[in-house]
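Results of the structural survey
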Amino acid sequence: MLVNGREMRSLWFEDGVLKLIDQRKLPAEVEIFVADDVEKVAYAIREMVVRGAPAIGCAAAYGMVMDGDVAKKAMLLKSTRPTAHDLFHAVDYMVEKIGQGKDAVKAAHEYVESIIDRCRRIGENGRKLIKKGMRILTHCNAGALATVDYGTALAPIRMAKEMQPFVWVDETRPRLQGLLTAWELEQEGIEHAVIADNAAGHFMRKGEVDMVIVGADRIAANYDFANKIGTYEKAVLAKENGIPFYVAAPISTFDKSIRSGEEIKIEERDMEEVLGIYPWRPKKARNPAFDVTPAKYITGIITEEGIIEVNE
Ligand code: MRU
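For every chain, the first residue of the written sequence is number 1, and numbering continues from 1 along that sequence. Owing to the predicted nature of the model, reporting of local features is limited to residues with pLDDT of at least 70; listing and counting of side-chain atom pairs is limited to 80 or more, with chain, interface and lining totals taken over all residues. Neither water nor hydrogens contribute to the side-chain values; these are computed over all heavy atoms in the structure.

1. Structural notes on the overall build of the protein
Going by this rule: Secondary structure elements follow DSSP: runs of H or I of four or more residues count as helices, runs of E of two or more count as strands, with numbering from the N terminus. Just to be clear, the radius of gyration here is over C-alpha atoms, and the globule rule we use is 2.2 Å times residues to the power 0.38. The buried label goes to any residue with under 20% of its type's maximum accessible area, the exposed label to any with over 50%, and the partly exposed label to all in between, with areas taken from a 1.4 Å probe on protein chains only. Values of accessible area rely on a 1.4 Å probe in the Shrake-Rupley scheme; residue burial ignores everything except the protein chains shown.
A count of helices and strands for the protein gives 11 helices and 16 strands. For a compact globule of 312 residues, the expected C-alpha radius of gyration is about 20 Å, and the protein comes in at 18 Å, within 12% of that figure. Expressed along its principal axes, the backbone C-alpha trace of the protein runs to roughly 55 × 50 × 45 Å. Considering the protein as a whole, with its 312 residues, one finds that 57% of them fall into the buried category. Of the roughly 13300 Å² of accessible surface on the protein, 51% is carried by carbon and sulfur atoms.

Here it is as structure tokens:
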């Protein structure tokens, strides 16, 4: 990904420590957060220094190379956030490789390189869907920041740049991950506009959205999927307005052990994230970080292996 004209990744391992672009500080500042033990990696995941399922998985893979008992590190990392499947996939991968006597740093590097390559292939597979001047709506951030490089939902858009796509960016309350998406698109010179989350239906009904592409945090065996809160309503609106709705995700996000979205655990975060911007303080708020979209709303899932037709 380009950061002020320079190629960068959202996280990397250097001199025995994990370095991450601190996504809490973006887009105002590009600051690097350094995690030199597993507790700091766990903190970075829990407090959203790093966001997005594949990137969280990659951070956890490097967390597993830090000093400490393997089982304890695995338990700590898995306790940070419950919804994104990549976290569990990455930790289990590392436990297995370490158990086989493989060098942990080498195994983590291989895991991260494979995620990056999978995202690149998602971009190649998905770019074929994008026609000249298409107006594409996305929700949350499923770009390079969320996946170390390329992105999932943003990878096809990046790779189809010559088609001059236009991107509608939902701002994504309460943590405003849409701003991260807008920042990435600006870095890449791709035209876009941020909209309040509740404006998406308006533009869909007016015929100004040609396609929706979102990422995913966990996909069940029947293709129901969890993604950032607000995704479900976009999917329902897309179907109502006859707009193709695509999910983009690597194999690491698929959880074949659960039959449907009903079994996905939805993280509920501190209500302060919702209340923080209000000039007057209501006593209570609810803050589910994700929702589940039933498979019947999905046109297809763009993966590194190709596009799964769910409801063509
Ligand atoms: O809670 P976050 O910021 O970690 O949210 C995760 C996401 O970025 C997404 O839901 C995204 O759309 C899927 S992961 C590429």
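2. Quick notes on the packing of aromatic side chains
Which entries qualify depends on this criterion: For Phe, Tyr and Trp, rings pair up if their centres lie within 6.5 Å, where Trp contributes its six-membered ring, and each pair is then called stacked (planes under 30 degrees apart), edge-to-face (over 60) or tilted (otherwise).
Across all of its chains, the model carries seven aromatic pairs by this definition. Ring geometry for F225 and F245: centres 6.4 Å apart, planes at 40°, overall tilted. Taken as a pair, F225 in strand β11 (residues 225-228) and F245 in strand β12 (residues 245-248) lie far apart in primary sequence, 20 residues in all. When sorted by exposure, F225 lands in the same class as F245, which is buried. Every member of this aromatic cluster is reached through a ring pair, and the members are F166, W168 and F203.

3. As for the sheet that holds strand β3 (residues 11-14)
Our working rule: Strand pairing is assigned whenever DSSP detects at least two bridges linking the two strands. To define axes, lines are fitted to C-alpha atoms, for helices over the stretch in contact only, and angles between the resulting N-to-C directions are given on a 0 to 180 degree scale. The contact rule is simple, with two residues in contact once any of their heavy atoms fall within 4.5 Å.
Read from one edge of the open sheet, three strands run β3-β4-β5, paired in antiparallel fashion. Each end of this open sheet is capped by a strand with a single partner; those strands are β3 and β5 (32-35). Adjacent strand axes in the sheet meet at a mean angle of 25° when their direction is disregarded. In this fold helix α1 (residues 38-46) packs onto β4 (17-21) and β5, with an angle of close to 140° to the strand it touches most, β5.

4. Things to note about the nonpolar core
Rule in force here: Working definition of a nonpolar core: buried Ala, Val, Leu, Ile, Met, Phe, Trp, Tyr and Cys residues. They are joined through side-chain atoms within 4.5 Å.
Formed by 39 residues in total, the largest nonpolar core has its most connected members in L11, L18, L20, I45, L77 and M94. Counting only elements with at least two residues in this core, the list comes to β3, β4, β5, α1, α2 (53-63), α3 (70-78), α4 (85-99) and α5 (104-126). With eight residues, α5 is the largest single contributor of residues to this core. Those residues within four positions of L20 in sequence are excluded, and the remaining contacts are S10, L11, E31, I32, F33, A44, V49, V50 and A59.

5. Considering the domain arrangement of the protein
Counted only if it meets this: Note: domain ranges come from an automatic or database domain assignment. Buried area is a sum: the accessible area each of two parts loses on coming together, probed at 1.4 Å, counted once for each and added. Note on definitions: salt bridges are taken to be side-chain nitrogens of Lys or Arg within 4 Å of carboxyl oxygens of Asp or Glu.
Looking at the protein, the domain boundaries give domain 1 (2-119) and domain 2 (125-309). Of the roughly 3000 Å² buried where domain 1 meets domain 2, counting both sides, 56% is carbon and sulfur surface. Along the contact surface separating domain 1 from domain 2 lie two salt bridges. Ionic pairing is found between E267 and R81, a salt bridge with its closest N-O pair at 2.9 Å.

6. Overview of the packing of α1 against α2
For clarity, the cut-off: Roughly parallel means an angle under 35 degrees; roughly antiparallel, over 145; roughly perpendicular, 65 to 115; everything else is oblique. Under this grouping Gly is polar, as are all residues other than the nonpolar Ala, Val, Leu, Ile, Met, Phe, Trp, Tyr, Cys and Pro and the charged Asp, Glu, Lys and Arg.
Where α1 meets α2, the closest approach of the two axes is 9 Å, and the angle between their N-to-C directions is 170°. One way to sum up the angle between α1 and α2 is to call them roughly antiparallel. On α2, the residues touching V38, V41 and I45 of α1 are I56, A59, A60 and G63. Taken together, the residues of the contact of α1 with α2 break down into six nonpolar, one polar and no charged.

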